[in-house]
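# Residue-level structural notes
Given next are the chains, with one letter for each unit.
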Amino acid sequence: MAASGFSLVYYVIKFLHFAQGAAITIAAYSLFLLSNQMGLNNALSIILSVSIAIIAALAMNAVVYEPLRKEKATGVVLLIASLALLTLTTVSLRAIFGPSTKTLILGRHNKTFDFGIFTITAMQISIIISAIIFFGILFFIMKKTKLGKAMRALSDNRDVAQIVGINPERIYTYTFIIAGFFAGISGILIGLEQNLYPRMGVLIIVKGFISSVVGGINSVPGAVVGGLFIGLVENLGVWFLPTGYKDVVSFTILLLFLLFRPQ
């Protein structure tokens, strides 16, 4: 899910939006603040956390990316800006919440199901179901709606899209709303499955980038397939390697794809 939001921004706007990781982290910490520390209702906390992630994504676009686009900034400049936003968010959350690991607790104990050769938790099942539902929604938006057609037109040829009446900045705004929504959902689910720490978004979005490269960086569905592939290979690799080598597996895959499938 992290990869799909990242890949969507690249597909439509043509730059590497690493600050997607910042929105993911903001969503997870927002849920921790609202639910665990302020004691708000779980459903309300989730809705507010996703909304905060969307607002964060829109703010990044309005305050940083849009002015840079008006100055005809290159993709490299936008990439540097996105890395700066990711770093700024990381250090800000560290200053506010401290460097220690936080744990999200919502409701009942996370039940585990044992199937012999593998185990799976209720939260992991929820993640799979949520991913399938939201990927289906995203596919419908991209293929069956006017917004999706406008996104595809901008991706193919911005100049021609403008000639036929498509407003790029308006479509970019909608793109960041969708990316922020996916950041919010994925941040919450990752936060519930794992622990929170200020730099969590960095590794998540790097994995999202690797997933996008493996699946085809210009393809949103490809990012979904790439993410599934990376997740499976990492976890199967743990059968043969120590758990600490999990990240090495994904980065090795990235290097192999860049070497043998650079296109």
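Use the structure listed above.
First, a word on what this report is: a plain description of the structure on this page. All figures in this text were calculated on a predicted structure; none of them were measured in a lab. (Residues numbered from 1 in each chain as written. Predicted model: local features only at pLDDT ≥ 70, side-chain atom pairs only at ≥ 80, totals over all residues. Heavy atoms only, no water.)

## Focus: the overall build of the protein chain
From N to C terminus, the protein chain includes eleven helices and two strands. Starting at the N terminus and walking to the C terminus, you meet the elements of the protein chain as α-α-α-α-β-β-α-α-α-α-α-α-α. Against the compact-globule benchmark of 18 Å for 263 residues, the protein chain has a radius of gyration of 19 Å, which places it among compact chains. Counting only C-alpha atoms, the protein chain reaches 60 × 45 × 35 Å along its principal axes. Each of the 263 residues in the protein chain was classed as buried or not, and the buried ones make up 44%. Long-range contacts, defined here as pairs at least 24 residues apart, represent 70% of the contacts in the protein chain between residues at least 6 apart. With the model as given, the accessible surface of the protein chain reaches about 13,800 Å², and the carbon-plus-sulfur share is 68%. For the protein chain, the centre of its 19 positive side-chain charges and the centre of its 9 negative side-chain charges are spaced 5 Å apart. (Helix = DSSP H or I, 4+ residues; strand = E, 2+ residues; numbered from the N terminus. Rg over C-alpha atoms; globule rule 2.2 N^0.38 Å. Buried < 20%, exposed > 50% of the residue type's maximum accessible area, 1.4 Å probe, protein only. Contact = heavy atoms within 4.5 Å. Areas by Shrake-Rupley, 256 points an atom, 1.4 Å probe, with all protein chains shown as cover. Lys, Arg positive; Asp, Glu negative; His and termini not counted. Charge placed at Lys NZ, Arg CZ, Asp CG, Glu CD.)

## Here we look at the nonpolar core
Counting residues in hydrophobic clusters, the biggest one holds 67 residues, and the most contacted among them are V12 and Y65. Looking at which element gives the most residues to this core, the answer is helix α8 (residues 168-193), with twelve residues. Among all residues touching V12, those that are not within four sequence positions of it are M151, S155, I171, Y172 and T175. (Core = buried A, V, L, I, M, F, W, Y, C linked by side-chain atoms within 4.5 Å.)

## As for the environment of F135
Summarising the element assignment, F135 is placed in helix α5 (residues 122-144). Distance from F135 to L16, taken between C-alpha atoms, is 21 Å for residues 119 residues apart in sequence. Setting aside residues up to four positions removed in sequence, F135 forms contacts with M1, S4, F182 and V224.

## A short note on the packing of aromatic side chains
Evaluation of the coordinates by the stated rule reveals ten aromatic pairs. Relative to F18, the ring of F6 has its centre 5.4 Å away and its plane inclined at 55°; by these criteria the two rings are tilted. Placement of F6 in helix α1 (residues 2-13) and of F18 in the loop between α1 and α2 (20-37) is noted, with a sequence separation of twelve residues between them. A residue is classified by how much of its surface remains accessible, and F6, at 0% relative accessible area, is buried. Take F18: its relative accessible area is 11%, and that puts it in the buried class. Their ring planes at 70° and their centres at 6.3 Å tell us that F32 and F97 sit as a pair that is edge-to-face. (Phe/Tyr/Trp six-rings, centres within 6.5 Å; stacked < 30°, edge-to-face > 60°.)

## What about the pattern of salt bridges?
What the rule picks out here adds up to three salt bridges. Across the pair E169 and R69 runs a salt bridge, and its minimum N-O distance is 2.7 Å. With E169 in helix α8 and R69 in helix α3 (residues 42-70), this residue pair connects regions lying 100 residues apart in the sequence. (Salt bridge = Lys/Arg side-chain N within 4 Å of Asp/Glu carboxyl O.)

## Focus on a nonpolar patch on the surface
The grouping of L228, L232, L236, W239, F240, L241, Y245 and V248 at the surface amounts to a nonpolar patch, some 910 Å² of accessible area in total. Per-element accounting of the nonpolar patch gives the leading share, three residues, to helix α10 (residues 220-237). In this structure, L241 sits in the loop between α10 and α11 (246-260). Residue L241 is classed as partly exposed on the basis of its relative accessible area of 40%. (Patch = residues over 30% accessible without salt bridge, like charges linked within 9 Å, V, L, I, M, F, W, Y side chains within 5 Å.)

## Thoughts on α3
With 29 residues, α3 extends 41 Å between its outermost C-alpha atoms, agreeing within 8% with the 42 Å of an ideal straight helix rising 1.5 Å per residue. When the local axis directions of α3 are compared, the greatest deviation, roughly 35°, occurs at A62. Taken together, the buried positions of α3 are S45, S49, V50, A53, I54, A56, A57, M60, N61, Y65 and R69. For α3, the elements touching its buried residues are α1, α2, α4 (75-97) and α8. Between a side-chain oxygen at the N-terminus of α3 and the backbone nitrogen of A43 the separation is 2.9 Å; the capping residue is N41. Backbone geometry just after α3 places K72 at a positive phi near 60°. (Expected span 1.5 Å × (residues − 1). Bend = angle between axes of the 7 residues up to and from the residue. Polar contact = N/O pair within 3.5 Å; in protein donor to acceptor, adjacent residues only side chain to side chain.)

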